[in-house]
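What follows is each chain in one-letter form.
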Amino acid sequence: MTEPTHDEAHAGALGTRLNWLRAAVLGANDGIVSTAGLVVGVAGATEDRAALLTAGLAGLLAGSMSMAAGEYVSVSTQRDSEMAALAVEKRELREQPEAELEELTEMLRARGLSREVAREAAEQLTARDALRAHARVELGIDPDELTNPWHAAWASFLAFTVGALLPLLAIVLPPAAWRLPVTVVSVLAALVLTGWSSARLGAADPRRAVLRNVVGGALAMLVTYVTGRLLGAAGV
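Since the model is a prediction, treat every value here as computed from it, not as a measurement.

**Q** Quick question: what am I supposed to make of the pattern of salt bridges here?
**A** Should their charged atoms come close, side chains of opposite charge can pair. The final tally for this structure, using the stated rule, is seven salt bridges. Between arginine 119 and glutamate 102 there is a salt bridge, with the nearest N and O atoms lying 3.1 Å from each other. Placement of the pair is arginine 119 in helix H4 (residues 115–139) and glutamate 102 in helix H3 (residues 97–110), with a sequence separation of 17 residues. The exposure class assigned to arginine 119 is partly exposed, which follows from its relative accessible area of 23%. Of the residues examined, glutamate 102 reaches a relative accessible area of 27% and is grouped as partly exposed. A salt bridge links glutamate 123 to arginine 119, with the shortest nitrogen-to-oxygen separation between them at 3.4 Å. Taken together, the positions of glutamate 123 and arginine 119, both in helix H4 and four residues apart, correspond to about one turn of that helix. Each of the salt bridges in this network shares a partner with another, and the network as a whole consists of Glu102, Glu106, Arg109, Arg115, Arg119 and Glu123.

Next comes the structure, spelled out in structure tokens:
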């Protein structure tokens, strides 16, 4: 009889990877929509390739840096909170170990264990690594997998940049007559892909996610294009 293997990722690690993937997909989606709206708006006012390239690059750099900085600040705050919670737990374990043992026992009981089994499990977990046991059971934190703000910042920067490159290249590479249709079709196709991907990662209905993505992106491009046309016609 074949022994079952245990090479699969643990639930916590799998959840972390799925969160990173979802963040990457959403970052790319933001890059697509924001840059497409920007370059399509400029295209409504002028056909000058240099102006389109300048606007697109400016939007790409500003957006990617903004995403990276925002993600760094957000994840740094989360990491600080996790470390503060671990420090409090470490102090409580040092000052009142019996109370903490009883607390761990009750938390295990709340998960469906009998009093006797919960107590024995709490004692074994405490003997092995009390802080790690309380961090995982009480706080939902893995001390070995604390969030890394630099990883989050670079992931957001790269995801946004990759997404933003699509509308930027689509608007500057084709001949003038084809720029707008090529950009619109490319952007909508990319939004179908990111909508489907985010839905699959979240185990949701992809049709609704795709529809939201496509409608939102199309509306953004329409609004900016009409605005660009009006400003161009007014000579602004």
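**Q** Even after reading the chapter, I still don't get the nonpolar core, so can you show me in this structure?
**A** As a rule of thumb, nonpolar side chains are buried together in soluble globular proteins. Core analysis: the biggest nonpolar cluster contains 18 residues, and Ile32, Leu52, Ile171, Val172, Val187 and Met221 have the highest contact counts within it. When contributions to this core are tallied by element, the ones reaching two or more residues are helix H1 (11–45), helix H2 (49–95), helix H5 (149–172) and helix H6 (176–201). Here this core gets six residues from one element, more than from any other, and that element is H1. Leaving out residues up to four positions away in the same chain, methionine 221 has contacts with Ala36, Gly37, Val40, Val184, Val187 and Leu188.

**Q** What's the story with a nonpolar patch on the surface in this structure? I'm lost.
**A** Together, Tyr72, Val73, Trp150, Trp154 and Leu158 make up a nonpolar patch on the protein surface, roughly 570 Å² of accessible area in all. No other element matches the three residues that H5 contributes to the nonpolar patch. By secondary structure assignment, the location of tryptophan 154 is in helix H5. By relative accessible area, which is 53% here, tryptophan 154 ends up exposed.

**Q** How should I be thinking about the confidence of the model for the protein in this particular structure?
**A** Of the residues in the protein, 90% reach a pLDDT of 70 or more, and the chain-wide mean stands at 84. Per-element confidence in the protein is highest for H5, whose mean pLDDT is 91, and lowest for H1, whose mean pLDDT is 78.

**Q** How should I be thinking about the layout of surface pockets in this particular structure?
**A** The gaps of empty space that remain are located by a probe, the size of a water molecule, rolled over the atoms. The volume enclosed by the second largest pocket comes to roughly 180 Å³. If you list the elements that add at least two residues to the lining of the second largest pocket, you get H1, H6 and helix H7 (206–233). In terms of residues, the lining of the second largest pocket owes the most to one element, H6, which gives five residues. Class assignment for the residues of the lining of the second largest pocket results in seven nonpolar, two polar and three charged.

**Q** Would you mind going over the environment of arginine 136 with me for this structure?
**A** Of note, arginine 136 is situated in helix H4. If we ignore the near neighbours within four places in the chain, the residues touching arginine 136 are Arg111, Ile141, Asp142, Pro143 and Asp144.

**Q** I keep staring at the packing of aromatic side chains and nothing clicks. Help me out?
**A** Centre-to-centre distance and the angle between the planes together describe a pair of aromatic rings. Counted according to the given criterion, the structure contains two aromatic pairs. With a centroid separation of 4.8 Å and an interplanar angle of 55°, the aromatic rings of tyrosine 72 and tryptophan 150 are classed as tilted. Placement of tyrosine 72 in helix H2 and of tryptophan 150 in helix H5 is noted, with a sequence separation of 78 residues between them. On the basis of relative accessible area, tyrosine 72 is assigned to the partly exposed category, the value being 30%. Considering the side-chain rings of tryptophan 154 and phenylalanine 157, the 5.8 Å spacing of their centres and the 80° angle between planes classify their relative orientation as edge-to-face. Residue tryptophan 154 and its partner phenylalanine 157 are located together in helix H5, separated by three residues, close to a single helical turn.

Cut-offs and rules
- Residues numbered from 1 in each chain as written.
- Predicted model: local features only at pLDDT ≥ 70, side-chain atom pairs only at ≥ 80, totals over all residues.
- Heavy atoms only, no water.
- Salt bridge = Lys/Arg side-chain N within 4 Å of Asp/Glu carboxyl O.
- Helix = DSSP H or I, 4+ residues; strand = E, 2+ residues; numbered from the N terminus.
- Buried < 20%, exposed > 50% of the residue type's maximum accessible area, 1.4 Å probe, protein only.
- Core = buried A, V, L, I, M, F, W, Y, C linked by side-chain atoms within 4.5 Å.
- Contact = heavy atoms within 4.5 Å.
- Patch = residues over 30% accessible without salt bridge, like charges linked within 9 Å, V, L, I, M, F, W, Y side chains within 5 Å.
- Areas by Shrake-Rupley, 256 points an atom, 1.4 Å probe, with all protein chains shown as cover.
- pLDDT = per-residue confidence, 0-100.
- 1 Å grid on protein atoms, 1.4 Å probe; cavity = no way out; pocket = protein on both sides within 12 Å on 5 of 7 lines; lining within 4 Å.
- Points joined across faces, edges and corners; volume = space filled by probe spheres on them.
- Nonpolar A, V, L, I, M, F, W, Y, C, P; charged D, E, K, R; others polar.
- Phe/Tyr/Trp six-rings, centres within 6.5 Å; stacked < 30°, edge-to-face > 60°.

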